[in-house]
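# Fold and contact review
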Amino acid sequence: MMKINSRGQALIEILIGLFIAGILVSAATAAVVVALRSNLETKNFHTASALNQKLIDDVKTVAEADWHNIYNLTKGSDTQYLVAASGTVLVILPGATTTTVGNITYTQFFSIENVKRLNGSISDDPAAIDDSSTQKIISRVRWPSAGRTPEVISTVYLTRWRNLISRQTDWSGGSGQEGPISEFNQKFASSSGINYSSGTDSIIIQGF
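Thresholds applied
- Here the residue numbers are simple positions, counted from 1 along each chain's written sequence.
- In keeping with the model being predicted, local features are shown solely for residues with a pLDDT of at least 70 and side-chain atom pairs are shown and tallied solely at 80 or more, while totals for entire chains, interfaces and linings include all residues.
- The side-chain numbers reported here are obtained from all heavy atoms of the structure, hydrogens and water having been left aside.
- Pairing between strands is defined by DSSP: at least two bridges between the two strands are required.
- Labels follow the DSSP assignment, with helices taken as runs of H or I lasting at least four residues and strands as runs of E lasting at least two, numbered in each case from the N terminus.
- In this analysis, rings of Phe, Tyr and Trp, with Trp reduced to its six-membered ring, are considered paired at centre separations within 6.5 Å, and the interplanar angle assigns stacked below 30 degrees, edge-to-face beyond 60, and tilted for intermediate values.
- Each residue is placed in one exposure class: buried if its accessible area under a 1.4 Å probe, protein chains only, is under 20% of its type's maximum, exposed if it is over 50%, and partly exposed if it falls in between.
- Counted as a polar contact is a pair of N or O atoms within 3.5 Å, where, for protein atoms, one must be capable of donating a hydrogen and the other of accepting one, and residues adjacent in sequence contribute only when both atoms are in side chains.
- Should any heavy atoms of two residues lie within 4.5 Å, those residues are considered in contact.
- Only one rule defines a salt bridge in this text: a Lys or Arg side-chain nitrogen within 4 Å of an Asp or Glu carboxyl oxygen.
- Nonpolar cores were defined as sets of buried Ala, Val, Leu, Ile, Met, Phe, Trp, Tyr and Cys residues, with membership established by side-chain atoms within 4.5 Å.

Let us now look at the pairing of strand 2 (residues 89–94). Each regular strand shows side chains that alternate between the opposite faces of the sheet. Two elements, strand 1 (residues 76–86) and strand 2, share 6 bridges in a ladder whose sense is antiparallel. For Ala85, the partnering residue across the bridge sits in strand 2 and is Leu90. Counted between consecutive antiparallel strands, the loop separating strand 1 from strand 2 contains 2 residues, among which Gly87 sits at a positive phi close to 70°.

Structural data, given as structure tokens:
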């Protein structure tokens, strides 16, 4: 008959129990670390989203004050601009700006591109023409995180709508004008049965 030492068996059981407990503790620790990291990333994303929205709002403010502050900028997806305070107004400067929140440094900038339209809709079709009253803004906010650089990107289209009412009184340039246009002239799109060249301030229907 084989006789087992009860003390040795108890020691083995204790060791096995400690081993299993160690595995459980390690798994729980890893889960907590993942959860904490996920919560931190979510917090950083919300912060970046808020900074991104503020950047867009600031660009809109500058555009509403004077459309040319936006339209006259160098265009292209590789350009970088920031919005800064100059006295009591906001101005656009080349480059990027940084904001530190909770020991995380966020880099913010935007780029600007021209917009083309075809039959009234934004289009990349070769036949589309420039719309000088619409600009494409791409804003970006980046931050470092565990060797990576997450990024929040937003694309908005700004439209010039606070314009003074204009009145055209000279149509002598004739037909053939394709819009939209950025400067007024004496042309128009098309006509039929109209005498437009007899003088300014008048359009005469032929036969009357």
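Moving on from the model shown.
Our focus in this paragraph is the packing of aromatic side chains. Each aromatic ring pair is specified by the distance between its two centres and by the angle formed by the two planes. Tallied over the entire structure, the rule returns 2 aromatic pairs. Here Tyr81 and Phe110 contribute two aromatic rings whose centre-to-centre distance is 5.8 Å and whose plane-to-plane angle is 35°, an arrangement assigned as tilted. In this pair, Tyr81 is assigned in strand 1 and Phe110 in strand 4 (residues 104–118), connecting sequence segments 29 residues apart. Per residue, the accessibility class of Tyr81 equals that of Phe110, and both read buried.

Next up on the list: the pairing of strand 4. Strand direction decides the pairing type here: strand 1 and strand 4, joined by 2 bridges, are antiparallel. Bridging from a neighbouring strand, Gly76 pairs with Ile112 of strand 4. Two strands pair when backbone bridges link them, and strand 3 (residues 97–101) and strand 4 are joined in this way by 5 bridges, in the antiparallel orientation. Paired with Thr97 across the bridge in strand 4 is Gln108. Between strand 3 and strand 4, which follow one another and run antiparallel, lie 2 residues, and Gly102 among them has a positive phi close to 60°. Relative to strand 5 (residues 121–122), strand 4 is paired through 2 bridges, and the arrangement is antiparallel. Of the residues in strand 5, the one forming a bridge with Leu118 is Ser121. The turn linking strand 4 back onto strand 5 is made up of 2 residues, and Asn119 within it adopts a positive phi angle of 55°.

This part takes up the side chain of Ser139. By secondary structure assignment, the location of Ser139 is in strand 6 (residues 129–142). For Ser139, the side chain forms a polar contact with the side chain of Asn52, separated by 2.8 Å. Filtering out sequence-adjacent residues up to four positions away, Ser139 remains in contact with Asn52, Leu55, Ile56, Phe109, Phe110, Val152, Ile153 and Ser154.

Turning next to the pattern of salt bridges. Applying the stated rule across the entire model yields 5 salt bridges. Arg140 is paired through a salt bridge with Glu151; the nearest N and O atoms lie 3.6 Å apart. Linking Arg140 in strand 6 with Glu151 in strand 7 (residues 151–159), this pair joins segments that are 11 residues apart in sequence. Among the residues examined, Arg140 registers a relative accessible area of 18% and is labelled buried.

Once that is clear, we can look at unusual backbone geometry. The phi angle at Asn103 is positive, at roughly 70°, despite the residue not being glycine. Structurally, Asn103 can be placed in the loop between strand 3 and strand 4. Judged by relative accessible area, which is 76%, Asn103 ranks as exposed. Phi at Asn119 takes a positive value of approximately 55°, unusual for a residue other than glycine. Mapped onto the secondary structure, Asn119 falls in the loop between strand 4 and strand 5.

On to the nonpolar core, then. Judged by nonpolar contacts, the single largest core of 16 residues is most densely connected at Val59, Ile70, Val83, Ile92, Phe110, Ile137 and Leu158. Breaking this core down by element, the ones donating at least two residues are helix 1 (6–65), strand 1, strand 4 and strand 7. Per-element tally for this core: the top contributor is helix 1, with 5 residues. Once residues within four sequence positions are removed from consideration, Ile92 is found in contact with Val62, Asn69, Ile70, Leu73, Tyr81, Leu82, Val83 and Phe110. Grouped together as the second largest cluster of nonpolar side chains are 7 residues, Leu51, Tyr106, Val141 and Trp143 included.

With respect to the helices, strands and loops of the structure, Thr107 is situated in strand 4. Along the chain, Thr107 and Arg140 lie 33 residues apart, while their C-alpha atoms are 8.0 Å from each other. Beyond its immediate stretch of four places on either side in the chain, Thr107 contacts Ala96, Thr97, Thr98, Arg140, Val141 and Arg142.

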